[in-house]
Amino acid sequence: LAQGLPPCAAPASSHPCALSTHRLNIAMAEVPAAEVPQAEKDELFCAYAAMILKDSELEISEEKLNTLIKAAGGSIDSFFPALFAKMCQGKDIESMLKFGGGGGGGGGG
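The structure presented is a predicted model; accordingly, all values stated were derived computationally and were not measured.

### Remarks on the layout of surface pockets
Working step 1: The volume enclosed by the second largest pocket comes to roughly 160 Å³.
Working step 2: Surrounding the second largest pocket, 10 residues form its lining, Ala50, Phe84, Cys88, Ile93 and Met96 being those nearest its centre.
Working step 3: Secondary-structure elements contributing two or more residues to the lining of the second largest pocket are helix H2 (38-55), helix H4 (79-88) and helix H5 (93-96).
Working step 4: For the lining of the second largest pocket, the per-class residue count stands at 9 nonpolar, no polar and 1 charged.

Okay, here's the thing in structure tokens:
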């Protein structure tokens, strides 16, 4: 099992996380978290917190970003949440989070 993750209580064959990476001990990234520069961690904390807030239909504010980051056990330079919240103001975050979408055109014929 991956470090820091508790084993699942349900039998592996019937549990939805049976094939998840923490059950199979597959590496998630090429760089260990300890080697990621702090500025990149700060940016990732803010980005993920902002996505959670947007998905929850909540305002992306400095206070809410800090609350989520602290709840996740994160430690972040104090100016990042304020800067990130300002960058998000007035932006169509939802459209930035859409991936792919619709099917391709039909074959002509």
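### Thoughts on the confidence of the model for the chain
Working step 1: Overall, the prediction assigns the chain a mean pLDDT of 75, with 63% of residues at 70 or greater.
Working step 2: Highest mean pLDDT in the chain belongs to helix H3 (residues 62-71) (94); lowest belongs to helix H1 (residues 21-24) (49).
Working step 3: Ignoring residues within four places in sequence, the model shows residues 1-5, a span with pLDDT below 50, making 7 contacts including any to other chains.

The rules behind these values
Residues numbered from 1 in each chain as written. Predicted model: local features only at pLDDT ≥ 70, side-chain atom pairs only at ≥ 80, totals over all residues. Heavy atoms only, no water. 1 Å grid on protein atoms, 1.4 Å probe; cavity = no way out; pocket = protein on both sides within 12 Å on 5 of 7 lines; lining within 4 Å. Points joined across faces, edges and corners; volume = space filled by probe spheres on them. Helix = DSSP H or I, 4+ residues; strand = E, 2+ residues; numbered from the N terminus. Nonpolar A, V, L, I, M, F, W, Y, C, P; charged D, E, K, R; others polar. pLDDT = per-residue confidence, 0-100. Contact = heavy atoms within 4.5 Å.

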